[in-house]
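In case you want the letters, here they are:
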Amino acid sequence: MKRKRALVTGCAGFIGSTLSERLLREGYEVYGIDAFVHNYDRWVKERNLQGALAHPQFRFFERDLRSLAFDELLARVDVVFHQAALPGVRTSWGSQFQEYVDHNILVTQALLEAAKNSHVQKIVCASSSSVYGGMSGPADETIMPQPLSPYGVTKLAAEQLCQLYAAVYGVPVVSLRYFTVFGPRQRPDMAFHKFIKNVLSGQPIEIYGDGEQSRDFTYIDDAVTANLLACAAPVKGVVFNIGGVSQLTVNDVISLIETRTGQRANIQRRPEQPGDPRHTFADITKARHLLGYDPQFDVEKGISLQIEQVRRLYNF
Ligand code: NAD
Ligand code: UGA
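Residues numbered from 1 in each chain as written. Chains lettered and ligands numbered in written order. Predicted model: local features only at pLDDT ≥ 70, side-chain atom pairs only at ≥ 80, totals over all residues. Heavy atoms only, no water.

1. Topic: unusual backbone geometry
Backbone geometry places R185, a non-glycine residue, at a positive phi of 80°. Positive phi outside glycine occurs at N315, with the angle close to 55°. Turning to its location among the elements, N315 is positioned in the segment after helix 10 (299-314). (Helix = DSSP H or I, 4+ residues; strand = E, 2+ residues; numbered from the N terminus.)

2. As for helix 6 (residues 191-201)
Count 3.6 residues to each turn of an α-helix, and residues three or four apart come out pointing the same way. Of all the residues in helix 6, the buried ones are F192, H193, F195, I196, N198, V199 and L200. Considering only its buried residues, helix 6 is in contact with strand 7 (181-182), strand 8 (204-208), strand 9 (214-219), helix 8 (250-261) and helix 10. The positive-phi residue at the C-terminal boundary of helix 6 is G202, with phi of around 75°. (Buried < 20%, exposed > 50% of the residue type's maximum accessible area, 1.4 Å probe, protein only. Contact = heavy atoms within 4.5 Å.)

3. What to know about the nonpolar core
In summary, soluble globular proteins display a tendency toward joint burial of nonpolar side chains. Ranked by size, the top nonpolar core spans 70 residues in total, and within it L23, F81 and F240 carry the most contacts. For this core, the element with the most residues is helix 7 (residues 220-232), which contributes 7 residues. With residues near it in sequence (within four places) discarded, F240 still touches E141, V174, S175, L176, R177, V235, K286, A287, L290 and L291. Grouped together as the second largest cluster of nonpolar side chains are 28 residues, Y31, I33, L73 and L74 included. (Core = buried A, V, L, I, M, F, W, Y, C linked by side-chain atoms within 4.5 Å.)

4. A look at helix 5 (residues 150-169)
The terminal C-alpha atoms of helix 5, which comprises 20 residues, lie 28 Å apart, in line with the 28 Å expected from a rise of 1.5 Å per residue. Those residues of helix 5 that fall on the buried side of the exposure criterion are P150, Y151, G152, T154, K155, L156, A158, E159, L161, C162, Y165 and A166. Turning to helix 5, the residues buried within the fold contact helix 4 (97-116), strand 5 (122-128), strand 6 (173-178) and strand 10 (238-242). Phi turns positive one or two residues past the end of helix 5, at G170, with a value near 70°. (Expected span 1.5 Å × (residues − 1).)

This is the structure in C-alpha cells:
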C-alpha cells in the first residue's frame, strides 16, 4: 500500500518535531519545513529534529513559508499539519507585531489559497487558547473570543481564515485550540522549561504576579494525538479545544518541580505581564465526542519526563 504523505510546517519546533516523529512511527512519509526563526536558539531546534532526520521516510526543507510556493508542495502531499507560527503571548506587543502578522496570518492565508486548488485531504491547523482571553470556568468553543494579546489576535485571525476557506471553498481544514502544552522539548521561553532549567542550575526563577494564575496544562503527547484524530475524523470547518487533565496554578507547578528535583526554587517576583490571562480551563466535550480525544497525562505524570529531558538538553 502507498504510504500517506504528510506535510508538517514548523517541524523543528516543540510540537512540530514531536508530531513528525509520531507520524513517522505511524507509517507516514513526512515532508518537514522549518526556517529556524529567531524565537529561540537554533541549536535547540536542530536537536529537536535529530530523531526525525534519522528516519528514512523524513524529508527536511529549510524554507521560510513567507516566501514559499505552496502549490507545488501541496501537490506532493495528502495531508497538512500547519504548526508553524511565531508563538508567545507576552512578546507580541510593540514593533514585533508585524512579524506575528506575517508568520501567523499571512502564511496561513497563503496555505489556504493553495489548498483551494489542491487535492489535499485534510489540513490541521494549530490554534490557541489565547483566542479566548480570560475565562472564569470551563470554556467551550461557543464562547465569544476576546484575545488579551496581539498574538491571540493573530491566532484568531488565522483560525477565522480557516473557517472562511472551509465555508466558501470547502477546504477540509480544522483548527485545534491547544491549551499551554508542556513536556519534553517545550520551548525555552515557556514556564515549565524556564522553571526546571533554573531550579536545576540554581538560578532565580521569575513569577509574574502572585503565581495564583492557573492553566489547563496539556501534555505534548495528548496534543499530538489530537492532531492524528483530527486528521482522521470526517470533520471540516470545525474548531476544537484541546486541553489536558489538570488545571494548576503557577505556584503549584513550582512546588511540584521542587519536590521532583529535590531542589529549592529561588523565586523573584515580577509584575503581572500584559497579555496573560488569569485562568484558562478547556471544556473538551466537543473533541471527546467528535474526535474521540481523551487526554491521558496529568502534570504529575508528565513533568518527570520533562525534567529528564531538560537535564539531558543542558547536561545537568
Ligand atoms: P515553536 O516555536 O517551538 O515551533 C514553531 C516552529 O515554526 C519553529 O521551529 C519556527 O522556526 C517555525 N516557523 C515559524 N514561522 C515559520 C516560517 N515562516 N517558515 C518556516 N518555519 C517557521 O512553537 P510551538 O510551541 O511548537 O507551537 C507550535 C504551534 O502551536 C504554533 O502555531 C503555536 O501558535 C501553537 N500553540 C502552541 C502552544 C504551546 O503551548 N506550545 C499553545 C497554543 C498554541
Ligand atoms: C502558552 C504558549 O506559550 C502560547 O504560545 C500559547 O498560545 C498559549 O500557551 C495557549 O495556551 O494558547 P502561556 O500560557 O503563557 O502560553 O504559557 P507559559 O509561558 O508556559 O506560561 C504559563 C504561566 O506561567 C503564565 O501564567 C505566565 O505568566 C507564567 N510564567 C511564565 C511565569 O510566572 N514566569 C515565567 O518566567 C514564565
